[in-house]
Amino acid sequence: LIGILGAGIALLIAELVAAVGYKIYAQRWLEENGLLWPQQAFSLATISVLIAAFSLTGMILKPEYKWVILGVSLIFFSWNLWRYWLVLPSVAIASAKNIIVKIPGMRRFFFV
């Protein structure tokens, strides 16, 4: 009824419903198999989605501030990345470091 905006809203609602459904299903499966839901990692991933949503909304509503919004959102993303890095298991950190040091110029940031 409301054109492309209606299609976008319908798609957003469908994706949100699907995400909630998959989360509930995954959580039940984990519990049935004696595993715990990774609440801390899930919360940090959710924060990243919220940062992206607020950043994009800000850029749509105030395009004249796009560079300011980009800078602020990159700061928040970096902060959230650091928080996520701190909760990763040591095997995941080692694997990530092995991938990162293969990027040209990145070896000097890690003492491997």
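On a predicted model such as this, the values are computed, not experimentally measured, just so you know. (Residues numbered from 1 in each chain as written. Predicted model: local features only at pLDDT ≥ 70, side-chain atom pairs only at ≥ 80, totals over all residues. Heavy atoms only, no water.)

A. Seen up close, helix α3 (residues 66–87). When the terminal C-alpha atoms of α3 are compared, their 31 Å separation across 22 residues agrees well with the 32 Å that a helix rising 1.5 Å per residue should span. The set of residues buried in α3 consists of Ile69, Ser73 and Asn80. Mapping the buried residues of α3 onto a view down its axis gives an arc of 25°, with all of them on the same face. Exposed and oriented more than 90 degrees from the buried face of α3 are Trp67, Val68, Ile75, Leu81, Trp82 and Leu86. In the core, the buried residues of α3 are packed alongside α2 (39–61). (Helix = DSSP H or I, 4+ residues; strand = E, 2+ residues; numbered from the N terminus. Expected span 1.5 Å × (residues − 1). Buried < 20%, exposed > 50% of the residue type's maximum accessible area, 1.4 Å probe, protein only. Arc of directions from axis to C-beta. Contact = heavy atoms within 4.5 Å.)

B. Just the side chain of Ser73, in detail. Among the structural elements, Ser73 can be located in helix α3. With relative accessibility at 5%, the residue Ser73 sits in the buried group. When sequence neighbours within four positions are dropped, the list of residues in contact with Ser73 reads Ile51 and Ser55.

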